[in-house]
Amino acid sequence: MPADIFGPDYAFLPRTELLSFEEIERLARTFVGLGVQKLRITGGEPTLRRDLPELISRLAQIEGVQDIALTTNGLLLPRLAPALRAAGLNRVTVSIDSLDPEVFGRMNGLGTHPQKVLDGIEAALSAGLGVKINTVVQRGVNDDGLRNLWLALRDKAVLRLIEFMDVGNHNGWNLDSVVPSREVLARLSADGTGAEFTPVSPNYRGEVAARHVGADGHEIGLISSVSAPFCGDCSRARISAVGVLYTCLFAGAGTDLRAPLRAGADDEAMHELIAGVWRARRDRYSEERGEVTREQKVEMSHIGG
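Looking up the chain in an unreviewed UniProt entry gives the name Cyclic pyranopterin phosphate synthase, with the organism given as Deinococcus humi.

This is the structure in structure tokens:
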């Protein structure tokens, strides 16, 4: 959420426009009824939502949910991790793009020190949560510190390195800033070739990170949606805080679920609406990126990752 746009005078949405916990739970039950097994709470920053453990508890009680995850900047985990784990959260994904304080502070736009995120990771681990770490790689920004990051964190959690993508409308993306995953792997290795890493079969179809294991047994994940798009295997649906359903990370528009929900639509009607949207989806922006430039895309602060 760029500071020049979301400054101190920015008028955020009134609470009444956000989905209530009851509405989120009802939508989650509908999606689980359609076959969804994994739920992820993301943002913006989801740990800012008041009484978040209550929402986690509601979702954990839905029959058929096998996994609940949270994507977070990690800053509030020292306070919240025990309660989130007790409520039924299984794991967290924490974002940290560099261990260099100047680079990290510049990339997050807040001047935050990376140690605060590292403290959050430790708190999550101590609470018994599984932890993955996401790092977005930008050429000339944080790519020279990848090996140090890998060596420092590989004993604590699975590190996933993500190619810089043109998400939203404000991140200044250009292709020259992308470091392809094959080059990233080479930068992690001691000899600079990447030969010490062995590909590992995916755990399931649609797994976004290509998994590799180093000679010492540590796993690394590479998310290559620019150099090696995987639209055909994508199985993710995203709902914004105001109830808009998006079928692609790069979508220009979505489907309003809040309006029918608040107008009294029954479970069968919501089921048919969502199923119809899913059956009709044709999204493959990452595969078309070289041919199509979408002027307006949904912001990451609306739908997370």
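Once you've had a look at it, read on.
**Some words on the packing of helix H6 (residues 146-153) against helix H7 (residues 181-188)**
Where H6 meets H7, the closest approach of the two axes is 8 Å, and the angle between their N-to-C directions is 65 degrees. Taken together, the axis directions place H6 and H7 in an arrangement best described as roughly perpendicular. Pair H6 / H7 crosses with right-handed handedness. In this structure, H6 contributes Leu 146, Arg 147 and Trp 150 to the contact, and H7 contributes Val 184, Arg 187 and Leu 188. When the residues that make up the contact of H6 with H7 are grouped by side-chain class, the tally is 4 nonpolar, no polar and 2 charged.

**Topic: the sheet that holds strand S11 (residues 255-256)**
On the basis of which strands lie adjacent, the open sheet formed by 3 strands has the order S9-S10-S11 and antiparallel pairing. Of all strands in the sheet, those bounded by a partner on one side alone are strand S9 (238-239) and S11. Here S9 runs beside strand S10 (residues 244-246); their pairing, made up of 2 bridges, is antiparallel. When the bridges of S10 are listed, Ile 239 appears paired with Leu 245.

**What to know about the state of the cysteines**
For the coordinates displayed, the defined rule picks out 0 disulfides. A disulfide-free cysteine, Cys 234 has its sulfur positioned 7.0 Å from the sulfur of Cys 248, the nearest such atom. Judged by its relative accessible area of 10%, Cys 248 falls in the buried class.

**Overview of the pairing of strand S8 (residues 219-223)**
Burial of S8 is extensive: 4 of the 5 residues sit out of reach of the surface. Sheet topology places strand S5 (residues 158-163) next to S8; 4 bridges connect them, and they run parallel. Residue pairing for S8: Ile 162 is matched across the bridge by Ile 223. Two strands pair when backbone bridges link them, and strand S7 (residues 210-213) and S8 are joined in this way by 4 bridges, in the antiparallel orientation. Along S8, the bridge assignment pairs His 212 with Ile 220.

So, how was this worked out
- Residues numbered from 1 in each chain as written.
- Predicted model: local features only at pLDDT ≥ 70, side-chain atom pairs only at ≥ 80, totals over all residues.
- Heavy atoms only, no water.
- Axes fitted to C-alpha atoms, helices over the stretch in contact; angles between N-to-C directions.
- Helix = DSSP H or I, 4+ residues; strand = E, 2+ residues; numbered from the N terminus.
- Parallel < 35°, antiparallel > 145°, perpendicular 65-115°, else oblique.
- Left-handed = near helix turned anticlockwise from the far one by under 90°.
- Contact = heavy atoms within 4.5 Å.
- Nonpolar A, V, L, I, M, F, W, Y, C, P; charged D, E, K, R; others polar.
- Pairing = 2+ DSSP bridges.
- Disulfide = S-S within 2.5 Å.
- Buried < 20%, exposed > 50% of the residue type's maximum accessible area, 1.4 Å probe, protein only.

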